[in-house]
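Chain by chain, the residues run as shown.
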Amino acid sequence: MRIKVRCILRTAVLCAILFTWYWLMNSRAADALFVELAESTDRMNQLRPKATPDLFTVAKNHTEESVVYTEEQSSPHAPTKQLSLDYEKQTEEPLARRGPPQHCESWCRRGAGVVGSQPPYFLTAVLEVRIYYVDLAKLTTREMYQWLQYLRYAGVEHVYVYDEYRFQNESQLSALEGFIEEGYVTYTDWHDVAWTNGNRIEAHAKTQESAYKHCLSHYAKDSMWQTAIDIDEYPFSVTDTEQNFMRRFVEDFSSKNPHASQITMQNYLFLGKPLNDTLHPLLASRVWRRTKTPANALVKPIYKPEDVKTAKVHRNKMKSGRSSSIKAPDEGLRMNHYWGARLQNWGEDTPEILAKTTEDLTVRPIVEAVLDCEACLPEKNMLRVSRWN
């Protein structure tokens with residue numbers, strides 16, 4: 001009898017464990033649980049004593065094994081690390097605490113400038129995106145708003161957003177309502193293309209390409225030029241940070257190279273642990289150490305939609321005999337790609353990361369201009385407070 005009771009109890013415990021595992025893997029509540037755990041961890045970390053700037057822990061191969069660098073070993077990088085502390089002090093007042101502007105600049109006023117303009121456009125962008133709670137990069141709806149406002153400043157006249165949410169409450173439709181109403185965003189629900197029963201249908205890169213192909217087949221004639229980039233990718237000009245800098249570059253470059261129908265932007269990674277997002281709300285000011293040269297061959301294109309034969313993530317296949325791809329000069333237009341702490345397993349800055357990067361604050365004038373637009377936005381703190389829809 002006792003044996004039977006023990007067997008029944010063990011079976012009940014096993015069923016409870018299996019049910020809990022299934023619920024965590026398949027229920028939307030799992031994401032909320034993970035978020036709560038992450039937030040609790042963040043609160044605990046804030047209560048811990050701060051590590052000294054000269055002590056680094058480097059995660060190896062995404063395992064628990066680590067190498068600790070002593071002060072003597074890391075001393076060559078100590079001055080570079082101090083720059084982060086200096087930058088925190090330098091930018092705290094002007095970027096986080098100044099009051100709202102007394103008036104709206106024309107480029108960011110709702111319904112003015114490029115906002116609300118009608119096709120055909122000179123320059124548009126296409127974005128395929130999923131925003132979700134447990135993203136380690138912490139790219140939220142706030143970062144999408146920042147990216148949209150940045151592109152407005154750069155001279156992008158319209159953005160086609162393909163939303164590949166996994167769960168219904170990840171949908172960005174309501175979050176983008178204001179941008180859609182004023183004519184700056186065309187929204188396409190891409191859930192059914194990306195997911196079935198909560199499982200990805202195909203590799204993410206293929207989902208991106210299918211979105212780009214859809215945009216070409218439906219809207220190619222509405223744009224003279226278009227770029228396909230992500231919300232952590234920011235076109236940037238070292239020599240021109242004034243409003244419409246991207247449009248100005250494309251106009252000038254295409255006039256000097258009339259045969260070009262695709263311009264590729266070199267990929268400069270911005271790496272390191274992000275600064276405090278209360279003092280530095282914009283992603284473009286939170287991560288400020290750049291690779292000294294293009295990080296890899298994963299360029300992003302600006303192209304004439306009607307000259308594209310096959311849409312690709314990094315470089316389109318263009319129609320033969322009609323077009324050619326030309327690399328943009330790095331000083332003219334490059335891509336600032338804000339990876340943050342991705343290469344250090346989302347932990348502290350490492351000597352390796354500090355050695356391969358250099359301080360780069362050249363985007364700051366644009367950051368200030370975008371923040372000056374806050375008073376023009378339909379909701380308060382859209383660029384400052386994290387949200388997911």
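Everything that follows concerns the structure shown earlier in this document.
Presented here is a report on the structure given in the accompanying data block. Treat the numbers as computed from the prediction; the structure is a model and nothing was measured. (Residues numbered from 1 in each chain as written. Predicted model: local features only at pLDDT ≥ 70, side-chain atom pairs only at ≥ 80, totals over all residues. Heavy atoms only, no water.)

## Regarding the packing of aromatic side chains
Think of a pair of aromatic rings as described by two things: how far the centres are apart, and how the planes are tilted against each other in angle.
Next, step 1: Scanning the entire structure with this criterion turns up 11 aromatic pairs.
Next, step 2: Plain terms: the ring middles of Y162 and W190 are 5.1 Å apart, the flat faces sit at 85 degrees to each other, and that makes the pair edge-to-face. Taken together, the residues span a long stretch of sequence, with Y162 in strand β4 (residues 158-163) and W190 in the loop between β5 (185-189) and α7 (191-194) at a distance of 28 residues. Assigned by exposure class, Y162 and W190 land together as buried.
Next, step 3: Of the aromatic side chains, those joined through ring pairs into one cluster are W107, Y150, Y153, Y234, F245, F270 and Y338.
Next, step 4: Between the NZ or CZ atom of R152 and the centre of the ring of Y184, over which it lies, the distance is 4.6 Å.
Next, step 5: For the cation-ring pair, R342 lies above W339, with the distance from its terminal atom to the ring centre recorded as 4.7 Å. (Phe/Tyr/Trp six-rings, centres within 6.5 Å; stacked < 30°, edge-to-face > 60°. Helix = DSSP H or I, 4+ residues; strand = E, 2+ residues; numbered from the N terminus. Buried < 20%, exposed > 50% of the residue type's maximum accessible area, 1.4 Å probe, protein only. Lys NZ or Arg CZ within 6 Å of the ring centre and 35° of its normal.)

## Considering the nonpolar core
Next, step 1: In this structure, W147, L148, L151, V159 and I302 are the most contacted members of the largest nonpolar core, which totals 63 residues.
Next, step 2: Leave out the neighbours within four places in its chain, and I302 touches L123, W225, Q226, T227, M246, V250, S261, Q262, I263, M265 and L333. (Core = buried A, V, L, I, M, F, W, Y, C linked by side-chain atoms within 4.5 Å. Contact = heavy atoms within 4.5 Å.)

## Some details on the packing of helix α5 (residues 141-154) against helix α12 (residues 364-371)
Next, step 1: Axis separation between α5 and α12 bottoms out at 10 Å; the angle between their running directions is 110 degrees. The angle between α5 and α12 falls in the class roughly perpendicular. In contact with Q149, Y150 and Y153 of α5, α12 contributes I366, A369 and V370. (Axes fitted to C-alpha atoms, helices over the stretch in contact; angles between N-to-C directions. Parallel < 35°, antiparallel > 145°, perpendicular 65-115°, else oblique.)

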